[in-house]
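Analysis of the macromolecular model
Now for the letters of each chain:
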Amino acid sequence: MIIFRYLTREILLTMAAVAGVLLLVIMGSRFIRYFSNAAEGEIPASILGTLMLFHLPGFLELILPLAFFLGILLAYGQLYLNSEITVLVACGTSPNRLLQVSLVPAALVAILVGMCSLWLTPAGALHNEVLLEEQRSQLDFSALAPGRFQDFGGGRTAYTEAMNEDQSRMQEVFISERQSRGDGTPESVVTRAGTGYQTVDPETGSRFLVLADGERYSVDPGRAEAERLEFGTYAVRLSGAAEAPELDAPEYATTAALFADEALPARAQLQWRLGLPLMVFILTLLAMPLSRVNPRQGRFAKLLPAIFLYVAYLSLLLAALDAIGRGSWPVAVGMWPIHGGFLAIGLAMMARAQHKGMSG
């Protein structure tokens, strides 16, 4: 039990450090992309935290297997470097026993990966896509950045000089729109107001922009005349009641729905989700012989070949996911030959390492 706790602690601590670094890099990259979209007014800055939170399971389902794989490599590599594995083997701890010890934390990581891939990731992806779809389908002036002209699509450009402290009211609002009259002739409408805010009709669910103390100008191209309207309060309908977007892509479907769906993309997505927890155990088998290093080589000697092996494994799975979804690879065969192939590689490497002597 002492040896089990020691080895498990070394593996999990190393895995946590690697996962933390990888998660920071990947989430930082995604956050920068979302922040850029928010700065350009495509999405409100207020939803950035929610988007990142619901993306987390999708990151973890890919990061945890890699982090655990590298955790075993680095932890056992350090033990080989300190000749601790040599002492353990000399005291009667067989290579198979070391593998059994490693499979216990592997089972824990596989459960976490399974929870992400089978449940949390599709739920989070669906939530984020619904949220982004709602932002695309409605003109949301809450994303307006003060001091900048921003295009909201549909020929509408807006500008506000400042926002109040709680970002609910705009000061000195300017809106330019391209509209059509009843007879089909185009016109340009320019609206200026001292203040403005958004509101939602509780009965219909329609959203309105309410402007106060301003003027509205209508200009026909090619004409010198213009219409001018002064108003104390003027409400502009931005959108009707929000409708739930139709999101039927397999990556948004629940795992139970995928089992009942015979479509090729659904079958491919189901095999992908089921294969990720299995991947953890196969990577554990691959990592054990790869972690064996000569003290003169250092603990990072086989890190680069191991990363190449992981990249090849994941790339083949992604290629199979695409091929099965398109119908160019038999769904009955699926991704299982890839898992089986890397399992065979792991078993062969373990057998070779045992023949040479794990402590050699």
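Values in this document were obtained by computation on a predicted structure and should not be read as measured data.

**So, unusual backbone geometry**
Here Glu 172, not a glycine, exhibits a phi torsion of approximately 50°, which is positive. Located in the positive-phi region is Asp 213, a residue other than glycine, with phi close to 55°. When you line up the elements, Asp 213 lands in strand E5 (residues 207–219). What makes Asp 213 exposed here is its relative accessible area of 55%.

**Some remarks on the pairing of strand E4 (residues 186–200)**
Sheet topology places strand E3 (residues 169–180) next to E4; 11 bridges connect them, and they run antiparallel. Bridge pairing in E4 links Arg 178 to Ser 188. Strand direction decides the pairing type here: E4 and E5, joined by 12 bridges, are antiparallel. Bridge pairing in E5 links Thr 191 to Arg 216.

**A few points about the pattern of salt bridges**
A complete count under the given rule lists 4 salt bridges for this structure. For the salt bridge of Arg 192 with Glu 172, the shortest nitrogen-to-oxygen distance reads 3.4 Å. You can see Arg 192 sitting in strand E4 and its partner Glu 172 sitting in strand E3, a full 20 residues away along the chain. Its relative accessible area of 30% is what places Arg 192 among the partly exposed residues. Between Asp 322 and Arg 326 there is a salt bridge, with its nearest N and O atoms 2.8 Å apart. Residue Asp 322 and its partner Arg 326 are both found in helix H7 (residues 303–326); the two are separated by 4 residues, about one turn of the helix. For Asp 322, a relative accessible area of 41% puts it in the partly exposed group. Three or more residues joined by partner-sharing salt bridges are found here, namely Glu 172, Arg 192 and Glu 215.

**Some points on the UniProt feature "transmembrane region" (unreviewed entry) in the protein**
UniProt marks residues 12–32, 52–77, 98–120, 274–291, 303–321 and 333–351 with the feature "transmembrane region" (unreviewed entry), using the numbering shown here. Helix and strand shares over residues 12–32 are 100% and 0% respectively, and the end C-alpha atoms of the span are 29 Å apart. With 100% helix and 0% strand, residues 52–77 has end C-alpha atoms that lie 34 Å from one another.

**Details of the layout of surface pockets**
The computed volume of the largest pocket comes to approximately 670 Å³. Forming the boundary of the largest pocket are 28 residues, of which His 55, Gly 58, Glu 61, Thr 121 and Ala 125 lie nearest the centre. Contributing elements (two or more residues each) for the lining of the largest pocket: helix H1 (2–39), helix H2 (48–81), helix H4 (95–137), helix H6 (264–290) and H7. Per-element tally for the lining of the largest pocket: the top contributor is H2, with 8 residues. Of the residues assigned to the lining of the largest pocket, the class counts are 16 nonpolar, 6 polar and 6 charged.

**Remarks on the packing of aromatic side chains**
Given two aromatic rings, one states the distance between the centres and the angle between the planes to describe the pair. All chains considered together, the criterion is met by 4 aromatic pairs. Ring centres of Phe 231 and Tyr 234 lie 5.2 Å apart, and the angle between their planes is 35°; this geometry places the pair in the tilted category. In this structure, Arg 33 is placed above the aromatic ring of Tyr 34, and the distance from its NZ or CZ to the ring centre is 5.7 Å.

**Focus: H2**
Its axis deflected by about 35° at Phe 59, H2 carries its strongest bend there. Positioned one or two residues after H2, Ser 83 has a phi angle of 65°, which is positive.

**Here's the deal with the nonpolar core**
Judged by nonpolar contacts, the single largest core of 64 residues is most densely connected at Ile 43, Phe 68, Phe 69, Met 279 and Tyr 313. Within the residue set of this core, elements represented by two or more residues are H1, H2, helix H3 (84–90), H4, H6, H7 and helix H8 (336–356). Here this core takes 18 residues from H2, the largest share from any one element. Ranked by size, the runner-up nonpolar core spans 10 residues in total, among them Met 163, Val 173, Leu 211 and Val 236.

**As for the side chain of Thr 191**
Structurally, Thr 191 can be placed in strand E4. Under the relative-accessibility criterion, Thr 191 is labelled buried at 3%.

**As for a nonpolar patch on the surface**
Nonpolar side chains collect at one region of the surface, where Leu 108, Ile 111, Leu 112, Met 115, Leu 118, Trp 119, Phe 259, Leu 274, Leu 278 and Trp 336 lie side by side and expose about 950 Å² of accessible area between them. Breaking the nonpolar patch down by element, the ones donating at least two residues are H4 and H6. By residue number, the principal contributor to the nonpolar patch is H4, which donates 6 residues. Of the residues examined, Leu 278 reaches a relative accessible area of 34% and is grouped as partly exposed.

**What to know about the environment of Thr 199**
Its place among the elements puts Thr 199 in strand E4. Assessed through its relative accessible area of 33%, Thr 199 is described here as partly exposed. Between the C-alpha atoms of Thr 199 and Ala 235, which are 36 residues apart in sequence, the distance is 9.5 Å. The residues contacting Thr 199, other than those within four sequence positions of it, are Ser 206, Arg 207, Phe 208 and Val 210.

**Observations regarding the environment of Asp 220**
Mapped onto the elements, Asp 220 comes out in the loop between E5 and strand E6 (226–239). According to the relative accessible area criterion, Asp 220 is buried, its value standing at 9%. Put simply, Asp 220 and Ser 188 are 32 residues apart on the chain and 6.3 Å apart in space, counted from C-alpha to C-alpha.

Calculation rules
- Residues numbered from 1 in each chain as written.
- Predicted model: local features only at pLDDT ≥ 70, side-chain atom pairs only at ≥ 80, totals over all residues.
- Heavy atoms only, no water.
- Helix = DSSP H or I, 4+ residues; strand = E, 2+ residues; numbered from the N terminus.
- Buried < 20%, exposed > 50% of the residue type's maximum accessible area, 1.4 Å probe, protein only.
- Pairing = 2+ DSSP bridges.
- Salt bridge = Lys/Arg side-chain N within 4 Å of Asp/Glu carboxyl O.
- UniProt positions renumbered as here; feature names shortened; annotations may be inferred.
- 1 Å grid on protein atoms, 1.4 Å probe; cavity = no way out; pocket = protein on both sides within 12 Å on 5 of 7 lines; lining within 4 Å.
- Points joined across faces, edges and corners; volume = space filled by probe spheres on them.
- Nonpolar A, V, L, I, M, F, W, Y, C, P; charged D, E, K, R; others polar.
- Phe/Tyr/Trp six-rings, centres within 6.5 Å; stacked < 30°, edge-to-face > 60°.
- Lys NZ or Arg CZ within 6 Å of the ring centre and 35° of its normal.
- Bend = angle between axes of the 7 residues up to and from the residue.
- Core = buried A, V, L, I, M, F, W, Y, C linked by side-chain atoms within 4.5 Å.
- Patch = residues over 30% accessible without salt bridge, like charges linked within 9 Å, V, L, I, M, F, W, Y side chains within 5 Å.
- Areas by Shrake-Rupley, 256 points an atom, 1.4 Å probe, with all protein chains shown as cover.
- Contact = heavy atoms within 4.5 Å.

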